[in-house]
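The chain contents come next:
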Amino acid sequence: MRPGSTHSCPTSSPTWRAWRGRPPVGVTILVEGQEEYGAGLAAALDAVPSDLLAADVAVIADTGNVRPGIPTLGLTLRGLAEVDVEVRTMDHPVHSGGFGGLAPDALLTLVRVLDSLLDEHGTVAVPGLVHEPWPSTDEIEVPGKAPGVPPLGAGSGRTSGERLYAAPALTVIGLDATPLVAAMNVVPPVARARISVRLAPTQDPIAAQNALVAHLEQQRPFGVPVAVTRRAVSGGVRTAADGPAARAARAALATAWGRASILQADGGSVPFAGALQRGPRPPEVLLFGVQDALSGLHGPDERVLLDELARGVRAEAELLGRLSPTRAAPATGRKE
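So, here is what we can say about the structure in this document. (Residues numbered from 1 in each chain as written. Predicted model: local features only at pLDDT ≥ 70, side-chain atom pairs only at ≥ 80, totals over all residues. Heavy atoms only, no water.)

### Thoughts on the sheet that holds strand E11 (residues 227-234)
As summarised here, the arrangement of the four strands in space is E8-E10-E6-E11, forming an open sheet in which the pairing is antiparallel. Since the sheet does not close on itself, it has two edges, and those belong to strand E8 (169-176) and E11, each with one partner. Across the sheet, the mean angle from the axis of one strand to that of its neighbour is 20°, orientation sign disregarded. Sitting on the sheet, helix H5 (residues 106-115) touches strand E6 (79-88), E8 and strand E10 (190-199), and the angle it makes with E10 is about 15°. Along the sheet face, helix H7 (residues 205-218) touches E6, E8, E10 and E11 and points at about 165° away from the line of E11. (Pairing = 2+ DSSP bridges. Helix = DSSP H or I, 4+ residues; strand = E, 2+ residues; numbered from the N terminus. Axes fitted to C-alpha atoms, helices over the stretch in contact; angles between N-to-C directions. Contact = heavy atoms within 4.5 Å.)

In C-alpha coordinates form, the structure reads like this:
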(Lines give C-alpha, C1' and ligand atoms only; values in the text may rest on other atoms or scores of the structure.)
Protein backbone atom coordinates (compact mmCIF):
# COMPACT_ATOMS: atom_id res chain seq x y z
CA MET A 1 0.00 0.00 0.00
CA ARG A 2 1.35 3.43 -0.94
CA PRO A 3 -0.39 6.70 -0.03
CA GLY A 4 -1.23 8.79 -3.06
CA SER A 5 -0.90 6.08 -5.72
CA THR A 6 -3.79 5.20 -8.02
CA HIS A 7 -3.93 1.43 -8.48
CA SER A 8 -7.36 0.25 -9.54
CA CYS A 9 -9.38 -1.76 -7.06
CA PRO A 10 -11.90 -4.56 -7.67
CA THR A 11 -15.30 -3.14 -6.68
CA SER A 12 -16.64 -6.63 -5.88
CA SER A 13 -14.58 -6.70 -2.68
CA PRO A 14 -16.46 -5.69 0.46
CA THR A 15 -13.40 -3.74 1.62
CA TRP A 16 -13.52 -1.61 -1.53
CA ARG A 17 -17.30 -1.23 -1.34
CA ALA A 18 -16.79 0.37 2.07
CA TRP A 19 -14.85 3.07 0.21
CA ARG A 20 -17.27 3.16 -2.78
CA GLY A 21 -14.45 1.78 -4.91
CA ARG A 22 -12.02 4.62 -4.14
CA PRO A 23 -9.87 3.83 -1.07
CA PRO A 24 -7.58 6.66 0.05
CA VAL A 25 -4.35 4.73 -0.57
CA GLY A 26 -3.12 2.74 -3.56
CA VAL A 27 -3.46 -1.02 -3.24
CA THR A 28 -1.75 -3.86 -5.07
CA ILE A 29 -3.27 -7.31 -4.51
CA LEU A 30 -1.29 -10.56 -4.60
CA VAL A 31 -3.27 -13.81 -4.55
CA GLU A 32 -1.57 -17.17 -3.95
CA GLY A 33 -4.01 -19.96 -4.70
CA GLN A 34 -1.74 -22.98 -4.21
CA GLU A 35 0.54 -22.03 -1.38
CA GLU A 36 0.09 -25.30 0.48
CA TYR A 37 1.35 -27.20 -2.56
CA GLY A 38 4.51 -25.12 -2.95
CA ALA A 39 3.31 -23.27 -6.05
CA GLY A 40 6.30 -20.92 -5.93
CA LEU A 41 4.86 -17.42 -5.93
CA ALA A 42 7.88 -16.26 -3.94
CA ALA A 43 10.22 -17.30 -6.77
CA ALA A 44 7.87 -15.85 -9.41
CA LEU A 45 8.06 -12.43 -7.75
CA ASP A 46 11.68 -12.19 -8.87
CA ALA A 47 10.41 -11.75 -12.45
CA VAL A 48 7.98 -8.95 -11.54
CA PRO A 49 9.19 -5.36 -12.12
CA SER A 50 10.14 -3.91 -8.76
CA ASP A 51 7.99 -0.80 -9.21
CA LEU A 52 4.83 -2.94 -9.37
CA LEU A 53 5.60 -4.34 -5.91
CA ALA A 54 6.89 -1.14 -4.33
CA ALA A 55 4.92 -0.45 -1.17
CA ASP A 56 5.12 1.18 2.21
CA VAL A 57 3.02 -1.49 3.92
CA ALA A 58 2.38 -5.16 3.18
CA VAL A 59 -0.69 -6.78 4.77
CA ILE A 60 -0.40 -10.56 5.06
CA ALA A 61 -4.01 -11.49 5.86
CA ASP A 62 -3.19 -15.16 6.43
CA THR A 63 -2.73 -15.35 10.18
CA GLY A 64 -5.36 -14.98 12.87
CA ASN A 65 -6.44 -14.44 16.45
CA VAL A 66 -5.36 -16.29 19.55
CA ARG A 67 -9.03 -17.15 19.95
CA PRO A 68 -12.33 -15.87 18.55
CA GLY A 69 -13.19 -12.36 19.61
CA ILE A 70 -9.65 -11.25 20.47
CA PRO A 71 -8.08 -9.16 17.65
CA THR A 72 -4.44 -10.14 17.26
CA LEU A 73 -1.56 -8.56 15.38
CA GLY A 74 1.23 -11.00 14.57
CA LEU A 75 4.89 -10.35 15.33
CA THR A 76 6.68 -13.20 13.59
CA LEU A 77 6.50 -15.84 10.91
CA ARG A 78 9.01 -18.65 10.62
CA GLY A 79 10.91 -19.39 7.44
CA LEU A 80 10.67 -22.69 5.59
CA ALA A 81 13.03 -25.14 3.90
CA GLU A 82 12.02 -28.43 2.25
CA VAL A 83 13.95 -31.37 0.85
CA ASP A 84 13.19 -34.86 -0.42
CA VAL A 85 15.41 -37.68 0.83
CA GLU A 86 15.62 -41.05 -0.93
CA VAL A 87 17.20 -44.35 0.03
CA ARG A 88 17.59 -46.92 -2.75
CA THR A 89 19.18 -50.25 -1.87
CA MET A 90 18.24 -52.54 -4.79
CA ASP A 91 16.74 -52.26 -8.25
CA HIS A 92 13.79 -54.52 -7.33
CA PRO A 93 12.24 -56.13 -4.22
CA VAL A 94 13.44 -59.56 -3.15
CA HIS A 95 11.81 -62.30 -1.05
CA SER A 96 12.37 -61.68 2.66
CA GLY A 97 12.63 -65.44 3.31
CA GLY A 98 15.19 -66.05 0.59
CA PHE A 99 17.29 -62.93 1.22
CA GLY A 100 16.18 -61.35 4.53
CA GLY A 101 19.24 -60.73 6.66
CA LEU A 102 21.37 -59.97 3.60
CA ALA A 103 19.19 -57.69 1.48
CA PRO A 104 19.27 -54.10 2.85
CA ASP A 105 15.81 -52.82 3.79
CA ALA A 106 15.38 -49.32 2.28
CA LEU A 107 12.65 -48.28 4.72
CA LEU A 108 14.58 -49.31 7.84
CA THR A 109 17.58 -47.45 6.44
CA LEU A 110 15.48 -44.33 5.88
CA VAL A 111 14.16 -44.57 9.44
CA ARG A 112 17.75 -44.37 10.70
CA VAL A 113 18.30 -41.27 8.57
CA LEU A 114 15.18 -39.57 9.90
CA ASP A 115 16.07 -40.50 13.47
CA SER A 116 19.31 -38.53 13.14
CA LEU A 117 17.38 -35.28 12.74
CA LEU A 118 16.14 -35.03 16.35
CA ASP A 119 17.83 -35.44 19.73
CA GLU A 120 16.48 -37.43 22.66
CA HIS A 121 14.09 -34.58 23.59
CA GLY A 122 12.66 -34.21 20.08
CA THR A 123 14.61 -31.00 19.43
CA VAL A 124 16.03 -30.50 15.94
CA ALA A 125 19.67 -31.65 16.01
CA VAL A 126 20.89 -30.43 12.61
CA PRO A 127 24.06 -28.31 12.93
CA GLY A 128 23.63 -24.86 11.40
CA LEU A 129 19.93 -24.41 12.16
CA VAL A 130 19.38 -21.40 14.40
CA HIS A 131 17.60 -21.30 17.77
CA GLU A 132 16.74 -17.68 18.57
CA PRO A 133 16.04 -16.49 22.12
CA TRP A 134 12.42 -15.88 23.01
CA PRO A 135 11.28 -13.74 25.96
CA SER A 136 7.92 -15.37 26.77
CA THR A 137 7.64 -18.11 29.36
CA ASP A 138 4.00 -18.93 28.55
CA GLU A 139 3.26 -22.61 28.07
CA ILE A 140 1.29 -23.45 24.92
CA GLU A 141 -1.09 -26.39 24.65
CA VAL A 142 -1.43 -28.51 21.51
CA PRO A 143 -5.13 -28.94 20.59
CA GLY A 144 -6.12 -32.60 20.41
CA LYS A 145 -2.86 -33.98 21.82
CA ALA A 146 -3.44 -37.50 23.15
CA PRO A 147 -3.49 -37.92 26.96
CA GLY A 148 -0.13 -38.90 28.39
CA VAL A 149 1.83 -37.77 25.32
CA PRO A 150 4.33 -35.02 26.21
CA PRO A 151 4.85 -32.09 23.84
CA LEU A 152 7.85 -32.34 21.56
CA GLY A 153 10.95 -30.84 23.11
CA ALA A 154 9.83 -31.31 26.71
CA GLY A 155 12.94 -31.57 28.85
CA SER A 156 15.06 -29.61 26.38
CA GLY A 157 15.32 -26.55 28.64
CA ARG A 158 13.62 -24.35 26.02
CA THR A 159 10.19 -22.84 26.63
CA SER A 160 7.27 -23.86 24.47
CA GLY A 161 7.12 -20.32 23.07
CA GLU A 162 10.73 -20.53 21.95
CA ARG A 163 10.17 -23.97 20.39
CA LEU A 164 7.08 -22.76 18.53
CA TYR A 165 8.06 -19.27 17.42
CA ALA A 166 11.86 -18.91 17.37
CA ALA A 167 13.38 -22.32 16.76
CA PRO A 168 13.56 -24.83 13.91
CA ALA A 169 10.83 -27.48 13.82
CA LEU A 170 11.12 -30.52 11.60
CA THR A 171 8.21 -32.51 10.16
CA VAL A 172 8.07 -35.46 7.77
CA ILE A 173 5.14 -34.29 5.63
CA GLY A 174 5.17 -37.17 3.13
CA LEU A 175 6.42 -40.75 2.92
CA ASP A 176 6.70 -43.17 0.00
CA ALA A 177 6.91 -46.77 1.15
CA THR A 178 4.89 -49.96 0.83
CA PRO A 179 1.39 -49.26 2.23
CA LEU A 180 0.00 -51.66 4.81
CA VAL A 181 -2.76 -52.86 2.48
CA ALA A 182 -0.10 -53.95 -0.04
CA ALA A 183 2.26 -55.55 2.50
CA MET A 184 3.95 -58.81 1.48
CA ASN A 185 7.04 -60.73 2.47
CA VAL A 186 9.58 -58.83 0.41
CA VAL A 187 12.44 -56.51 1.30
CA PRO A 188 11.61 -52.99 0.03
CA PRO A 189 14.24 -51.59 -2.37
CA VAL A 190 13.36 -47.88 -2.11
CA ALA A 191 11.87 -45.43 0.40
CA ARG A 192 11.42 -41.66 0.20
CA ALA A 193 10.41 -38.90 2.58
CA ARG A 194 9.67 -35.20 2.22
CA ILE A 195 11.07 -33.15 5.08
CA SER A 196 9.80 -29.68 5.98
CA VAL A 197 11.70 -27.50 8.44
CA ARG A 198 10.25 -24.33 9.94
CA LEU A 199 13.07 -21.89 10.60
CA ALA A 200 13.75 -19.18 13.15
CA PRO A 201 12.33 -15.91 11.77
CA THR A 202 15.67 -14.29 10.90
CA GLN A 203 17.58 -17.33 9.61
CA ASP A 204 18.70 -17.29 5.98
CA PRO A 205 16.58 -20.06 4.39
CA ILE A 206 19.19 -21.03 1.79
CA ALA A 207 21.85 -21.42 4.48
CA ALA A 208 19.39 -23.50 6.49
CA GLN A 209 18.62 -25.75 3.54
CA ASN A 210 22.34 -26.16 2.87
CA ALA A 211 22.84 -27.25 6.47
CA LEU A 212 19.99 -29.76 6.23
CA VAL A 213 21.30 -31.21 2.96
CA ALA A 214 24.83 -31.51 4.35
CA HIS A 215 23.56 -33.34 7.44
CA LEU A 216 21.46 -35.78 5.42
CA GLU A 217 24.19 -36.53 2.90
CA GLN A 218 26.57 -37.37 5.75
CA GLN A 219 24.26 -40.15 6.92
CA ARG A 220 25.12 -43.63 5.64
CA PRO A 221 23.18 -46.12 7.79
CA PHE A 222 24.51 -49.65 7.21
CA GLY A 223 26.82 -48.12 4.60
CA VAL A 224 23.90 -47.11 2.34
CA PRO A 225 24.19 -43.66 0.62
CA VAL A 226 21.38 -41.11 0.82
CA ALA A 227 20.15 -38.95 -2.09
CA VAL A 228 18.74 -35.49 -1.32
CA THR A 229 16.71 -33.23 -3.63
CA ARG A 230 16.25 -29.57 -2.75
CA ARG A 231 12.74 -28.10 -2.80
CA ALA A 232 11.22 -24.78 -1.77
CA VAL A 233 12.76 -22.26 0.65
CA SER A 234 11.32 -19.05 2.05
CA GLY A 235 12.38 -16.48 4.60
CA GLY A 236 10.67 -15.64 7.86
CA VAL A 237 9.38 -12.34 9.19
CA ARG A 238 9.99 -10.45 12.42
CA THR A 239 7.93 -7.26 12.56
CA ALA A 240 8.26 -4.08 14.61
CA ALA A 241 5.37 -3.82 17.04
CA ASP A 242 5.79 -0.05 17.33
CA GLY A 243 6.01 0.88 13.64
CA PRO A 244 3.56 3.46 12.26
CA ALA A 245 1.62 0.88 10.22
CA ALA A 246 1.54 -1.50 13.19
CA ARG A 247 0.02 1.23 15.37
CA ALA A 248 -2.57 1.92 12.67
CA ALA A 249 -3.37 -1.79 12.40
CA ARG A 250 -3.84 -2.20 16.14
CA ALA A 251 -6.27 0.74 16.14
CA ALA A 252 -8.14 -0.67 13.12
CA LEU A 253 -8.42 -4.09 14.75
CA ALA A 254 -9.67 -2.56 17.97
CA THR A 255 -12.35 -0.63 16.07
CA ALA A 256 -13.52 -3.70 14.18
CA TRP A 257 -13.65 -6.01 17.20
CA GLY A 258 -14.71 -3.45 19.78
CA ARG A 259 -11.86 -4.25 22.15
CA ALA A 260 -8.13 -3.64 22.42
CA SER A 261 -5.93 -5.74 20.18
CA ILE A 262 -3.04 -7.84 21.44
CA LEU A 263 0.35 -8.83 20.02
CA GLN A 264 1.23 -12.47 19.40
CA ALA A 265 3.93 -14.38 17.54
CA ASP A 266 2.99 -16.90 14.86
CA GLY A 267 4.93 -20.08 14.11
CA GLY A 268 3.58 -20.48 10.58
CA SER A 269 5.22 -19.54 7.29
CA VAL A 270 4.01 -17.43 4.36
CA PRO A 271 6.60 -17.88 1.59
CA PHE A 272 6.01 -14.68 -0.32
CA ALA A 273 6.01 -12.59 2.88
CA GLY A 274 9.75 -13.07 3.11
CA ALA A 275 10.16 -12.42 -0.61
CA LEU A 276 8.48 -9.02 -0.28
CA GLN A 277 11.24 -7.92 2.09
CA ARG A 278 14.13 -8.66 -0.26
CA GLY A 279 14.13 -5.26 -1.97
CA PRO A 280 16.21 -2.20 -1.07
CA ARG A 281 13.29 -0.58 0.81
CA PRO A 282 11.18 -3.37 2.26
CA PRO A 283 7.65 -2.54 3.39
CA GLU A 284 6.45 -2.63 6.95
CA VAL A 285 4.72 -6.02 7.25
CA LEU A 286 1.39 -6.43 9.05
CA LEU A 287 0.24 -9.91 10.05
CA PHE A 288 -3.42 -10.42 10.86
CA GLY A 289 -6.39 -12.48 9.72
CA VAL A 290 -9.49 -14.35 10.86
CA GLN A 291 -8.22 -17.80 11.78
CA ASP A 292 -7.93 -18.93 15.39
CA ALA A 293 -6.35 -21.75 17.38
CA LEU A 294 -9.43 -23.97 16.91
CA SER A 295 -9.87 -23.41 13.16
CA GLY A 296 -8.41 -26.84 12.40
CA LEU A 297 -5.92 -25.46 9.89
CA HIS A 298 -4.92 -27.94 7.16
CA GLY A 299 -7.12 -30.59 8.75
CA PRO A 300 -10.58 -32.05 8.18
CA ASP A 301 -13.46 -29.64 8.83
CA GLU A 302 -11.25 -26.55 8.76
CA ARG A 303 -13.47 -23.56 9.45
CA VAL A 304 -13.62 -19.77 9.65
CA LEU A 305 -16.29 -18.08 11.78
CA LEU A 306 -18.42 -15.74 9.68
CA ASP A 307 -18.59 -13.01 12.33
CA GLU A 308 -14.79 -13.05 12.56
CA LEU A 309 -14.61 -12.77 8.78
CA ALA A 310 -16.93 -9.73 8.85
CA ARG A 311 -14.78 -8.07 11.50
CA GLY A 312 -11.67 -8.81 9.45
CA VAL A 313 -13.18 -7.02 6.45
CA ARG A 314 -14.07 -4.05 8.68
CA ALA A 315 -10.52 -3.99 10.03
CA GLU A 316 -9.06 -3.89 6.50
CA ALA A 317 -11.33 -1.01 5.54
CA GLU A 318 -10.46 0.90 8.72
CA LEU A 319 -6.75 0.29 8.12
CA LEU A 320 -6.84 1.87 4.66
CA GLY A 321 -8.19 5.07 6.16
CA ARG A 322 -5.68 5.10 9.00
CA LEU A 323 -2.80 4.69 6.54
CA SER A 324 -3.96 7.72 4.56
CA PRO A 325 -2.19 11.03 5.24
CA THR A 326 -5.63 12.67 5.39
CA ARG A 327 -7.06 10.12 7.87
CA ALA A 328 -10.13 9.41 5.72
CA ALA A 329 -13.03 7.38 7.08
CA PRO A 330 -14.89 4.53 5.34
CA ALA A 331 -18.12 5.50 3.62
CA THR A 332 -20.08 3.13 5.85
CA GLY A 333 -19.74 1.91 9.39
CA ARG A 334 -21.59 -1.31 8.63
CA LYS A 335 -19.84 -4.65 8.91
CA GLU A 336 -19.46 -6.11 5.43
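Once the structure has been displayed, the description carries forward.
### Topic: the nonpolar core
Ranked by size, the top nonpolar core spans 26 residues in total, and within it Val85, Leu110, Leu117, Leu129, Ile195, Leu212 and Leu216 carry the most contacts. Core analysis: the second largest hydrophobic core is formed by 22 residues, Trp19, Val25, Ala249 and Ala317 among them. (Core = buried A, V, L, I, M, F, W, Y, C linked by side-chain atoms within 4.5 Å. Buried < 20%, exposed > 50% of the residue type's maximum accessible area, 1.4 Å probe, protein only.)

### Overview of the pattern of salt bridges
Tallied over the entire structure, the rule returns eleven salt bridges. In this structure, aspartate 84 and arginine 194 form a salt bridge, with 2.6 Å as the shortest nitrogen-oxygen distance. Residue aspartate 84 is located in strand E6, and its partner arginine 194 is located in strand E10; the two are separated by 110 residues in the primary sequence. Classification of arginine 194 as partly exposed rests on a relative accessible area of 29%. The residue glutamate 318 makes a salt bridge to arginine 314 at a minimum N-O spacing of 2.9 Å. (Salt bridge = Lys/Arg side-chain N within 4 Å of Asp/Glu carboxyl O.)

### Re unusual backbone geometry
In this structure, phenylalanine 222 takes a positive phi of about 55° despite not being glycine. Relative to the assigned elements, phenylalanine 222 resides in the loop between H7 and E11. Overall, the relative accessible area of 56% leaves phenylalanine 222 in the exposed class.

### Looking at H5
Residues Ala106, Thr109, Leu110, Val113 and Leu114 constitute the buried set of H5. The buried residues of H5 occupy one face: seen down the axis, they fall within an arc of 140°. Turned more than 90 degrees off the buried face of H5, the exposed positions are Leu108 and Asp115. As for H5, its buried residues are in contact with E6, E8, E10 and H7. (Arc of directions from axis to C-beta.)

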